[in-house]
Amino acid sequence: MAERGRPRTFDRQEALRRAMEVFWARGYEGASLGELAEAMGINRPSLYAAFGCKEALFREAVALYDATEGAPIQRALDEAPTARAAVEAMLRHNARAYARDDQPRGCMVVLASLLGTPENEAVRQFLRENRALGEEVLRHRIERGIAEGDVPAGADARMLAAFYTTVTQGLSVQARDGTSVAAMEAIVDAAMAAWDRLVESKAE
């Protein structure tokens, strides 16, 4: 017997994908439960039954975003032959992906909840931790470059990861503001032009 209030053809993963797109476009606080339920093709009781509450739904949506939109980035970090090539591949992928016409612009994790009401502080902390994890992954890739010899031994991996994370977060804002791919590629060019000088900076 189908669960009461839930359509017989309910596809939880597809509903989650649609919710992800609403959060991505509207942000956490900007996405109303009514808008989410409509996009997901279910009613509110079904939403609660399947996902719990809005915050739980959002956390699942972020996990889906990381698993799908983040996959090419992880491949670039894993497979690029050098740390420099990995950083450049990450930035250039984001410059293109953030400006696609078939999805909301920018990065969901960067834009979904930078500011908001005090009662949603747990959501903002969740996203801060997610962004910090991304920076840590980038730092580990640069440290791998140091170990493999393609980055100077004295390079400050933490500073490099923080800098290039800031660049990619800035690209997200630029994309949401409507900046063209060509303009963002030029930003990437400038950021990568700084690589040689930055890797020569000594860790304190």
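Remember, predicted model here, so these are calculated numbers, not experimental data. (Residues numbered from 1 in each chain as written. Predicted model: local features only at pLDDT ≥ 70, side-chain atom pairs only at ≥ 80, totals over all residues. Heavy atoms only, no water.)

Our focus in this paragraph is the layout of surface pockets. Summary: where empty space remains is shown by rolling a probe the size of a single water molecule over the atoms. In this structure, the largest pocket occupies an estimated 640 Å³ of space. Of all the secondary-structure elements, those providing two or more residues to the lining of the largest pocket are α4 (54-68), α5 (71-79), α6 (83-97), α7 (108-111), α8 (121-148) and α9 (157-176). With seven residues, the top contributor of residues to the lining of the largest pocket is α8. Taken together, the residues of the lining of the largest pocket break down into 15 nonpolar, 11 polar and four charged. (1 Å grid on protein atoms, 1.4 Å probe; cavity = no way out; pocket = protein on both sides within 12 Å on 5 of 7 lines; lining within 4 Å. Points joined across faces, edges and corners; volume = space filled by probe spheres on them. Helix = DSSP H or I, 4+ residues; strand = E, 2+ residues; numbered from the N terminus. Nonpolar A, V, L, I, M, F, W, Y, C, P; charged D, E, K, R; others polar.)

Under the feature "DNA-binding region" (unreviewed entry), the UniProt entry names residues 32-51. Secondary structure content for residues 32-51 is 80% helix and 0% strand, while the C-alpha to C-alpha distance between its ends is 15 Å. (UniProt positions renumbered as here; feature names shortened; annotations may be inferred.)

The biggest cluster of nonpolar side chains holds 61 residues, and the ones touching the most others in it are L36, F58, L91, M108 and Y164. Not counting residues up to four positions away in its chain, the partners in contact with F58 are F23, Y28, M108, A112, V123, F126 and L127. (Core = buried A, V, L, I, M, F, W, Y, C linked by side-chain atoms within 4.5 Å. Buried < 20%, exposed > 50% of the residue type's maximum accessible area, 1.4 Å probe, protein only. Contact = heavy atoms within 4.5 Å.)

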